[in-house]
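Descriptive analysis of the structure
Now for the letters of each chain:
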Amino acid sequence: MSKDMKFLVVDDFSTMRRIIRNLLKELGFTNVDEAEDGVSALAKLNGGGFDFVVSDWNMPNMTGIELLRAIRADQNLKHLPVLMVTAEAKKENIVEAAQAGASGYVVKPFTAVTLDEKISKILQKQGVPQ
Amino acid sequence: MSDFAGMEELLRDFLTEAGELLSDVDNKLVELEKRPDDAKLLNDIFRGFHTIKGGAGFLNVDELVKLCHLTENLFDKLRNRELALSLEVMDVIMSATMVVRDMFQSLERASMPQPADTALLTALQDALDGKLSAPAASEDPAPAAAAADAPAPSATPATAAPAPVAADDGPDWNALYHGLLGTSAPADQASTVREVQPTRNPGRRATDQPEADGMRAGRRDNDKVVVVSQETTIRIDTNRLDQVLNLSGEIGLAKNRLNCLRTDILSGKDNPDTFRALDEAVSHLDLLVSDLQNAVMKTRMQPIGRLFQKYPRVARDMARQLGKNVELVLVGEDTELDKTMIEELGDPLIHLVRNAVDHGIEAPDERRRSGKPETATVRLSAQQMGDHIILEISDDGRGMKPDVLRRKAVEKGLIDADTAANMDERHALQLVFMPGFSTKEQVSSFSGRGVGMDVVKTNIQKLNGRIEIKSIVGGGTTFSISLPLTLAILPVLVVRVGEQPFAVPLALVREIITIQPDQVQEVSGKATMVVRDEVLPVRSLSGLIGWPQERPPAYGVLMQSAVNNLILAVDGFVGRDDVVIKPLEDVKPKGVAGATLSGDGSVVLVLDMEQLLSEPHVETRRSLFEMAA
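Quick look at the structure, then. This one's a predicted model, so the numbers in the text were calculated from it and none came from an experiment. Here the residue numbering is sequential within each chain, running from 1 through the sequence in written order. As a convention, the first chain written is A and the first ligand written is 1, with the rest following in written order. For this predicted model, a pLDDT threshold of at least 70 governs which residues receive local features, and a threshold of 80 or more governs which side-chain atom pairs are given and counted, while totals over whole chains, interfaces and linings are taken from all residues. Based on all heavy atoms of the structure, the side-chain values leave hydrogens and waters out of the count.

**Some words on the overall build of chain A**
We count a stretch as a helix when DSSP gives it H or I for four or more residues in a row; a strand needs E for two or more, and each element gets its number in order from the N terminus. Along the backbone of chain A there are five helices and five strands. In chain A, the order of α-helices and β-strands from amino to carboxyl end is β-α-β-α-β-α-β-α-β-α. If you take every contact in chain A between residues at least 6 apart in sequence, the share linking residues at least 24 apart comes to 64%. Working note: accessible area of chain A is about 5000 Å², and carbon and sulfur atoms make up 47% of it. Any two residues whose heavy atoms approach within 4.5 Å are treated as being in contact. In these tables, accessible area is a Shrake-Rupley quantity obtained with a 1.4 Å probe, and a residue counts as shielded only by the protein chains included in the view.

See below:
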C-alpha cells in the first residue's frame, strides 16, 4: 500500500486526533489532515484528494455515523474507506456502523499494530495491492 | 521513574484539554440540576465523560477509564430516559466528577491515580441498576412503568437489541458485525454480547484486577514523581500568531530601510531629503514596535471564562453543604486577560466566591423573613473598561454592617477605639482586609482556610490591581477588582525627592494634592492631613528611604495601601509614564522593586510601597517641616 495515502482524521478531541496522527505516523503514513467534526470533515472531503477516513463516532454538530452516511450518499465520496474509531463497543452500534457502510471498526484504545491490521484489511478488501 | 515515560507531551495535552472538558461538564451539571430533562445537556455530559474515557484509555489510566465508563453509562441511560435523575443520582454523579478531577491532579504529578473509592463505584453501579432512581421514577409514571415491567435487570431496553438483528431481512448483520470487528466468534455467542468492555490490547500493560492496580498505584506514589507542569504551554489563536509574524516581518523591512539611510548619512549624503526619510522611517518603526508589543501581549490573553467556569460548581457544592440556595451568575466570560493574571486570580476569586456564599448569603429562613427570594444570587462579572479589567463579585445577601466591623476590629486589637470612632463607613468596610480579621466567630470549614481577605488584597495588589468594597446593609455586598490589562508594562507616577526621580505604581495613586504646612496637624503624635473629611497620615518619602528632609515637602500623593490610605509627601513631580521594570541584580535596597530607564536614558528606581511602608517610622510635624540646620 502506498505510504502517500492521504488520511482525514475526524475527532472533536484534539488530543485524540494527535494520538491517531502519531499512530499513523508510526505506520509510515505522514499525509494526514484533521477535522473536528462531521461538518468540517465533509467540507474537507469535498475539496478532494483524500484516500482514507478515520472517524470518531461521538461528536457535536455531526456525528461519525452521520458523516459516514453522508459519505456513502455522495457520488464522489462513496468509494472512500471509512474506519470508525470509538469506545462504543456495543453490538448495536457496530451493526449500525455496518449498515451505514463502515469499512471497519476499531475500539479505543488501540495500538499501531491493531490500526495497521484494520487498515490493511480494509485496503485488501478494496483490492488495493499491498 | 514516571508512569508516563515517553508520553509526557501527550499527557500534558490530555490534561489541558480534558481539564477544560471536565470544567465544562461541571457547569453543565449545575445547569442540569435546574433543567434535569434537558436532552442536549445530558447528551453533552455523556459525550464529555466518553471523550475523557477515550483519551485515558490511550494513556492506560485504567482507573480513570473505569470511572468514566460507569458515569458515561449512567448518562447514556439518563439521556435515553431509561433512568430518572434523582437527587441521589445527582450526588453520585457530582462525587464521580470530583474523583475524576482528583485523578487529573494525580496525573499532573505524572503518577497513576489511586482507584476510585469502592463505595463510589458501588453507588454508580446502584444508580445504573436503577436502585437510586425509585422516588424520582414514581413521579413520572409512563417511563417508570416501562422500566419496571422489564423482566430482569439484565434486559434493560438498551441491551435488548439482538432481536431486530435476527428479525431483519436482507444482509446477515451478524456476519457484517464480525466482518467489521474482525472476529470469528460463533453467532450464538455474538447474540448474547451485552456490552463489550473497552478492550485492552494484549501486549500493553494489562493488569486488570483492581487489587493489582491499587498496589501498583500505591507503590508508584512513593517513587520519585516527574512533575508535568500544565501551565508552561498556552493555546493561541493562529490569527494572533500570524499577526506577530507579519509585524516582525515589517519591522525587518523598516530596519533595512534604516540601515540603508545610515549608509547614506555616513557616506556624506546628509541632505534634507535623507533626514526626512530618516524621520519617516523612525516614526514608522515606532508605530510598528508598539503594534508588535500589542500583538505579543494579545498572544498571552486568555478569556477569563476559563477561570470562571470552575466556580458554579464550587458555589453549588458549598451552598448545598450549608443548606443554602445559591445561583452563581457569570457575566462577561469572553473578557480577555493576561495568562499570568488569570492564574494568579484563581485563589483570590475562589476565596471571594466562597466568602459570598458563606458569609454574604443568609440562610433560607432568614431570607424568607426579610422578604427576599429564597434562592440567592451571586454574580461574577468581568468587563474591560479602557485599559483596565473590572471584575465584580456581588451577592444579594445581608450586607456588611460598619458598626460590627469596627467593634470586631477593636476587640481583636487591630485598631484602637479612637481610630474606630473616627473611621467613616467606607473605611470601616476596608477593615476586613486587615490581617487577622475574620467576621465570623466560628471559622467555617470553607472560608476559614488560613487564607484571609488580607491575602486576597495582597494578591490583587501584586498584580498592580486594586480591590474595593461596596455594601448595603440588608442589600448585599460587591467586591470590585480593577486590574491592568498586562503585567509587562507598569503605569507609574514619577515623583521627585530633591533631583532624584522615583516611580510609584499608578494603581496605588488616588490623587495628588498640595501640602501647606498649616494644613498638617498632629493627631496622637502623628502628622496628619484632612482631605475631604478624611483624616490621613502623612509620611515623607525622604524619611521613608532614610534621607534627611532638606526642604519642606510641597506635594502629597494620596495613596491606597494594603492597610490604610496615606499621603506620601514629595518635593515634586515629573509625570506619568509607562515603564518596563528591570529587577536589580546584585543589590536589593529595601523598598525598591526594580529600576527602569526614562526616555532620556536616566535610571529611575521603582518603589515597592508595601515594603517601604512596613518601616516603623513615625512622622511628626517637626520631622516634616523643621529642617536640619
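There is more to say, and it comes next.
**Overview of the sheet that holds strand S3 (residues 52-56) of chain A**
For sheets, the rule is that strands pair by backbone hydrogen bonds, running either parallel or antiparallel. All names here are of chain A. Note: two strands are recorded as paired if DSSP finds a minimum of 2 bridges between them. Taken together, five strands build an open sheet; the order of strands is S2-S1-S3-S4-S5 and the sheet is parallel. The sheet terminates laterally at strand S2 (32-35) and strand S5 (104-107), the two strands that pair on one side only. Adjacent strand axes in the sheet meet at a mean angle of 20 degrees, parallel and antiparallel pairs treated alike. For S3 and strand S4 (residues 82-86), the ladder comprises four bridges, and the chain directions are parallel. Residue Ser-55 lies in a different strand from S4, and its bridge partner there is Met-84. Only the stretch in contact is used when a helix axis is fitted, and all axes are lines through C-alpha atoms; the angle between N-to-C directions ranges over 0 to 180 degrees. On top of the sheet, helix H1 (residues 14-26) reaches strand S1 (7-10), S2, S3 and S4; it is set at about 165 degrees to S2, its chief contact. Helix-sheet contacts for helix H3 (residues 64-72) involve S1, S3 and S4, and the interaxial angle to S4 is about 175 degrees.

**Section: the packing of aromatic side chains**
To describe a pair of aromatic rings, you give the distance between the ring centres and the angle between the ring planes. Aromatic contacts are taken between Phe, Tyr and Trp rings whose centres are within 6.5 Å, Trp giving its six-membered ring; a plane angle under 30 degrees counts as stacked, one over 60 as edge-to-face, and the others as tilted. According to the stated counting rule, one finds ten aromatic pairs over all chains in the structure shown. Plain terms: the ring middles of Phe7(A) and Phe29(A) are 4.7 Å apart, the flat faces sit at 55 degrees to each other, and that makes the pair tilted. Of this pair, Phe7(A) sits in strand S1 while Phe29(A) sits in the loop between H1 and S2, placing them 22 residues apart in sequence. Residue Phe7(A) shares its accessibility class with Phe29(A), and that shared class is buried. Ring geometry for Phe14(B) against Phe104(B): centres 5.9 Å apart, planes inclined by 80 degrees, an arrangement best described as edge-to-face. Taken together, the residues span a long stretch of sequence, with Phe14(B) in helix H1 (residues 8-34) and Phe104(B) in helix H4 (residues 87-108) at a distance of 90 residues. An identical accessibility class is assigned to Phe14(B) and Phe104(B); each is buried. Every member of this aromatic cluster is reached through a ring pair, and the members are Phe7(A), Phe29(A) and Phe52(A). Throughout this description, the term charge over a ring refers to an Arg CZ or Lys NZ atom that lies within 6 Å of the ring centre and within 35 degrees of the ring normal. Above the plane of the ring of Phe50(A) lies Lys6(A), whose end atom (NZ or CZ) is 4.5 Å from the centre. Exposure classes here rest on a 1.4 Å probe applied to the protein chains alone. A residue is buried below 20% of its type maximum, exposed above 50%, and partly exposed in between.

**Some details on helix H2 (residues 39-58) of chain B**
Residue and element names in this part refer to chain B. For a helix, the expected span equals 1.5 Å multiplied by the number of residues minus one. In this model H2 runs 29 Å from its N-terminal to its C-terminal C-alpha over 20 residues, within 8% of the 28 Å that 1.5 Å per residue would give. In terms of burial, H2 is largely enclosed, as 17 of its 20 residues are buried. The backbone nitrogen of Lys-40 lies 3.0 Å from a side-chain oxygen of the residue at the head of H2, namely Asp-38. Directly after H2, the chain includes Asn-60, whose backbone phi takes a positive value near 65 degrees. Polar contacts, as counted here, are pairs of nitrogen or oxygen atoms within 3.5 Å of one another; within protein the pair requires one atom able to donate a hydrogen and one able to accept it, and residues that are adjacent in sequence qualify only if both atoms are side-chain atoms.

**Thoughts on a nonpolar patch on the surface**
All names here are of chain B. Two joining distances apply to patches: 9 Å for like charges and 5 Å for nonpolar side chains (Val, Leu, Ile, Met, Phe, Trp, Tyr), and every residue must have over 30% relative accessible area and no salt bridge. For this analysis, a salt bridge means a side-chain nitrogen from Lys or Arg found within 4 Å of a carboxyl oxygen belonging to Asp or Glu. Taken together, the side chains of Val-523, Val-530 and Val-535 present a nonpolar region at the surface, about 230 Å² in accessible area. Tracing the backbone shows Val-535 in strand S13 (residues 534-540). Val-535 gets classed as partly exposed once you look at its relative accessible area, which sits at 47%.

**Description of unusual backbone geometry**
In this model, Lys108(A) is joined to Pro109(A) through a cis peptide bond whose omega is -10 degrees. Here Pro109(A) lies in the loop between S5 and helix H5 (112-125). In this structure, Asn60(B) is a non-glycine residue whose phi angle is positive, near 65 degrees. Within the secondary structure layout, Asn60(B) lies in the loop between H2 and helix H3 (62-79). Its relative accessible area of 10% is what places Asn60(B) among the buried residues. Here Asn464(B), not a glycine, exhibits a phi torsion of approximately 60 degrees, which is positive. When you line up the elements, Asn464(B) lands in the loop between helix H21 (453-462) and strand S6 (466-472).

**With respect to the packing of helix H15 (residues 311-322) of chain B against helix H16 (residues 339-360) of chain B**
All names here are of chain B. Two elements in contact, H15 and H16, have axes whose closest approach is 10 Å; the angle formed by their N-to-C orientations is 30 degrees. Both H15 and H16 take part in a crossing whose hand is right-handed. Between H15 and H16, the residues in contact are Tyr-311, Val-314, Ala-315, Met-318, Ala-319 and Leu-322 and Leu-345, Gly-346, Leu-349, Ile-350, Val-353, Arg-354, Val-357 and Asp-358, respectively. Residues are grouped as follows: Ala, Val, Leu, Ile, Met, Phe, Trp, Tyr, Cys and Pro are nonpolar; Asp, Glu, Lys and Arg are charged; all remaining types, including Gly, are polar. Per-class residue counts for the contact of H15 with H16 are eleven nonpolar, one polar and two charged. We call a crossing left-handed when the near helix sits turned anticlockwise from the far one by less than a right angle, and right-handed when that turn is clockwise.

**Some details on the sheet that holds strand S2 (residues 325-331) of chain B**
All names here are of chain B. Reading across the sheet, the five strands line up as S2-S4-S5-S7-S6 and stay open at both edges, with mixed pairing between neighbours. Two strands close off the open sheet at either side, each with one partner strand: S2 and S6. On average, each strand axis in the sheet is inclined to that of its neighbour by 15 degrees, with strand direction left out of account.

**Focus on the pairing of S13(B)**
Across a regular strand the side chains alternate sides, sitting on one face of the sheet and then on the other. Residues and elements named next belong to chain B. Of all the seven residues making up S13, five are buried; the element is thus mostly covered by neighbouring parts of the structure. Of the pairings in the sheet, the one linking strand S12 (residues 526-531) to S13 comprises four bridges and is antiparallel in character. Across the sheet, Val-531 pairs through a bridge with Glu-534, a residue of S13. Between the end of S12 and the start of S13, which pair antiparallel, lie two residues, with Arg-532 showing a positive phi angle near 45 degrees.

**What to know about the pairing of S1(A)**
Residue and element names in this part refer to chain A. Judged by which residues are buried, S1 turns out to be covered on both faces: Phe-7 and Val-9 on one side and Leu-8 and Val-10 on the other are all buried. The pairing of S1 with S2 spans four bridges and is parallel. Within S2, the position partnered with Val-9 by the bridge is Glu-34. Considered for its hand, the β-α-β crossover made up of S1, H1 and S2 is right-handed. By convention, a crossover is right-handed whenever its connection, traced from the first strand over the helix to the second and viewed with the strands pointing away, goes clockwise.

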